[in-house]
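Analysis of the macromolecular model
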Amino acid sequence: MIIKNFSHLKGEITVPGDKSISHRSIMLGSLAKGTTEVTGFLQGADCLSSISCFHKMGISIENDANTNTVKIHGKGLRGLESPFGILDVGNSGTTTRLMSGILAAQPFSCIIDGDASIRKRPMARIMTPLSQMGAKFESLENIHCAPFKITGGNLKGIDYNTPVASAQIKSAILLAGLYADGPTSVTEPYLSRNHTELMLSSFGADIKTEGTTATVLPAEELQAQKIEVPGDISSAAYFIAAGLLTPNSEITIKNVGINPTRDGIITVCKDMGANITLSNIREASGEPVADITVSTSSLHGCVIEGDLIPKLIDEIPIIAIMAAFASGTTIIRDAAELKVKESNRIDVMVDHLTAMGVDIEGTEDGMIIRGGKDVYGTVIDSKMDHRIAMSFAIAGGIAIGATEIMDADVVNISYPNFFSDLEKLSK
Ligand code: S3P
């Protein structure tokens, strides 16, 4: 995909549904009694992996990709069937980890496998707590990686202190906790996204949170719900950055989820001096939603660290692009998790931005970007990481000269119409 320079970006756009909420709607819908109806579902490859895994476990799921409406005919907490063959999670870490929490309690064994990236991602982080609860794991190739076999057990409730702020770890444990013999608590160093807690509560589970601790009680039954999935702030982030960095631009992104555990990008934009406003703030299925308007701004560097990191973990690649075009220095720290995402996002950002002429230095837990110098287009390997492809598409539209993104189709993971939406705004 060749990216030409944007002369201006103007107009309104609706980004696809939130990836995290879409995954959870399939999982909780499958475990509930009755039919869960989801609107605004993300038709990205990752969420389709969740559908196909639960379909393989005997759940009937009707997905209308034209209207983004999904009906899940849940069979109750004990209604899953032993799948025939492996559960293929594709590229999806969320499917792998959250589904493992559910599988930890099922009366059968099954094998989870995925693509080359999934096979490298760390799974000890869920294997350890779920084993403590009573599940059994067997790595079939590399230790603590996919492919692995999981055998469900009679689970006991645990009190778990996770060293990493990760909604995937937290959610796996809480989902297993639905089946445990007593309360299950997870405490994390900083609060990660809380969509699982919010959705579990709306499905009728007994779940409480205090600070960075979430506690779930064993459940008898979950009740099917209607879920309206808001637009994904992680997808909106590319257009937020594009609107701020491109001359003569103003973009409104409608219906974006602004859950406070996900809105770090807005905080950073404000810190960097962006023209950004939120309007029409409302609620959809218990999640706050707003329209976000951005216009051309001169940005300056900032420091991003600590409890802000989990609130923008997936936006760090596009924030690094903003920092490259901003004046002054941006420091990102406490973000070692970037190394174990779909690619090693510290190394990839440093290599690619260096190739574009940016002064950037990788650190153990982040990066230092000295922005404001000329940035040049080049050939960018997406490394089969959707967020790298989209971040450099935006960088390429603003840099001097053309940029080519290799394996740009990987945007299908979370945003199948990304390039056509970008084109609409540049008309
Ligand atoms: C997700 C949590 C995050 C995020 C991922 C989706 C989720 O991962 O990076 O894209 O839906 O729970 P971690 O919680 O492991 O940081």
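Data block above holds the structure.
Since we're looking at a predicted model, the values are computed, not measured.

A word on the overall build of the protein
What the protein contains, in helices and strands, is 12 helices and 23 strands. Radius of gyration (C-alpha) of the protein: 21 Å, near the 22 Å computed for a compact globule of 427 residues. Counting every position in the protein, which comprises 427 residues, the buried fraction comes to 59%. In the protein, the share of contacts with a sequence separation of at least 24, taken over all contacts with a separation of at least 6, comes to 75%. Surface exposure of the protein reaches about 15,600 Å², of which carbon and sulfur atoms provide 49%. Mean positive and mean negative side-chain charge positions of the protein (36 and 49 charges, respectively) differ by 2 Å.

Focus on the sheet that holds strand 16 (residues 275-284)
In space, the four strands of this open sheet follow the order 2-15-17-16, with mixed pairing throughout. The open sheet is flanked by strand 2 (10-14) and strand 16, the only strands paired with a single partner. Recorded for the sheet is a direction-independent mean angle of 15 degrees between the axes of neighbouring strands. Where strand 15 (residues 250-257) lies against strand 17 (residues 287-295), six bridges are found, and the strand directions are antiparallel. From the neighbouring strand, V256 faces strand 17, where its bridge partner is A290. Running over the sheet, helix 12 (residues 418-425) touches strand 2 and strand 15 and is turned about 150 degrees from strand 2.

Re the packing of aromatic side chains
Two aromatic rings are characterised by how far apart their centres lie and by the angle between their planes. Taken as a whole and judged by the stated rule, the model has six aromatic pairs. Between F239 and Y415, the aromatic rings sit 6.0 Å apart at their centres with planes inclined by 65 degrees, giving edge-to-face as the arrangement. A residue pair is termed long-range when its members are at least 10 positions apart, and F239 in helix 7 (residues 233-245) and Y415 in the loop between strand 23 (403-406) and helix 12 qualify at 176 residues. You can call F239 buried: its relative accessible area is 0%. Aromatic side chains F418 and F419 sit 5.1 Å apart centroid to centroid with 75 degrees between the ring planes, which places their arrangement in the edge-to-face category. Within the aromatic cluster, the residues linked to one another by ring pairs are Y238, F239, Y415, F418 and F419.

Concerning the nonpolar core
Within the largest apolar cluster, 79 residues are counted, with the highest numbers of intra-cluster contacts made by L353, F392 and F418. No other element matches helix 7, which puts 10 residues into this core. The contact partners of L353, leaving out residues within four places of it in the chain, are A320, I321, A324, V358, I360 and F392. Core analysis: the second largest hydrophobic core is formed by 67 residues, F41, L80, I173 and V216 among them.

Here's the deal with the site of the ligand
If you check the shell around the ligand, you find K19, S20, R24, T94, S166, A167, Q168, R193, I313, D314 and K341 and nothing else. In this structure, R24 approaches the ligand through a side-chain N or O atom, which is 2.6 Å from an oxygen atom. Coverage of the ligand by the protein amounts to 96% of the 380 Å² it exposes when considered alone. Most atoms of the ligand, that is more than half of them, are within 2 Å of grid points of the largest pocket. When its residues are assigned to classes, the shell around the ligand shows two nonpolar, four polar and five charged.

Focus on the side chain of T261
Position of T261 among the secondary structure elements: in the loop between strand 15 and helix 8 (264-271). From its side chain, T261 meets the backbone nitrogen of N194 in a polar contact 3.2 Å long. For T261, the side chain forms a polar contact with the side chain of N259, separated by 2.7 Å. Apart from the residues lying within four places of it in its own chain, the contact partners of T261 are L191, S192, R193, N194, P310 and K311.

Here's the deal with helix 8
Considered for burial, the residues of helix 8 that qualify are G264, I265, I266, V268 and C269. Tucked into the core, helix 8 has its buried residues touching helix 7, strand 16, strand 17, strand 18 (303-304) and helix 9 (316-325). Once helix 8 ends, the next one or two residues include G273, with phi positive near 90 degrees.

Re the side chain of R345
Tracing the sequence through the fold places R345 in helix 10 (residues 345-355). Of note is the side chain of R345, whose polar atom sits 2.8 Å from the side chain of D385. Sequence-distant contacts of R345, defined by excluding residues within four places in its chain, comprise D314, P317, L338, K339, M367, D385, H386, R387 and I388.

Things to note about unusual backbone geometry
Here the amide bond leading from A146 into P147 is cis, since omega sits at 0 degrees, within 30 degrees of zero. Note on placement: P147 falls in the loop between strand 8 (136-139) and strand 9 (148-151). The phi angle at N68 is positive, at roughly 55 degrees, despite the residue not being glycine. Owing to a relative accessible area of 29%, N68 belongs among the partly exposed residues under this scheme. You will see that S285, though not glycine, has its phi angle at about 45 degrees, which is positive. Mapped onto the elements, S285 comes out in the loop between strand 16 and strand 17. Look at S285 and you get partly exposed, because its relative accessible area is 40%.

Describing the pattern of salt bridges
The final tally for this structure, using the stated rule, is 26 salt bridges. Among the ionic pairs, R345 bridges to D385, the shortest N-O distance being 2.8 Å. You can see R345 sitting in helix 10 and its partner D385 sitting in the loop between strand 22 (379-381) and helix 11 (386-398), a full 40 residues away along the chain. In terms of burial, R345 and D385 fall into one category: buried. Where salt bridges share partners, they join R121, R193, D314, E342, R345 and D385 into one cluster.

Calculation criteria
- Residues numbered from 1 in each chain as written.
- Predicted model: local features only at pLDDT ≥ 70, side-chain atom pairs only at ≥ 80, totals over all residues.
- Heavy atoms only, no water.
- Helix = DSSP H or I, 4+ residues; strand = E, 2+ residues; numbered from the N terminus.
- Rg over C-alpha atoms; globule rule 2.2 N^0.38 Å.
- Buried < 20%, exposed > 50% of the residue type's maximum accessible area, 1.4 Å probe, protein only.
- Contact = heavy atoms within 4.5 Å.
- Areas by Shrake-Rupley, 256 points an atom, 1.4 Å probe, with all protein chains shown as cover.
- Lys, Arg positive; Asp, Glu negative; His and termini not counted.
- Charge placed at Lys NZ, Arg CZ, Asp CG, Glu CD.
- Pairing = 2+ DSSP bridges.
- Axes fitted to C-alpha atoms, helices over the stretch in contact; angles between N-to-C directions.
- Phe/Tyr/Trp six-rings, centres within 6.5 Å; stacked < 30°, edge-to-face > 60°.
- Core = buried A, V, L, I, M, F, W, Y, C linked by side-chain atoms within 4.5 Å.
- Near = heavy atom within 4 Å.
- Polar contact = N/O pair within 3.5 Å; in protein donor to acceptor, adjacent residues only side chain to side chain.
- 1 Å grid on protein atoms, 1.4 Å probe; cavity = no way out; pocket = protein on both sides within 12 Å on 5 of 7 lines; lining within 4 Å.
- Sits in = over half its atoms within 2 Å of the grid points.
- Nonpolar A, V, L, I, M, F, W, Y, C, P; charged D, E, K, R; others polar.
- Salt bridge = Lys/Arg side-chain N within 4 Å of Asp/Glu carboxyl O.

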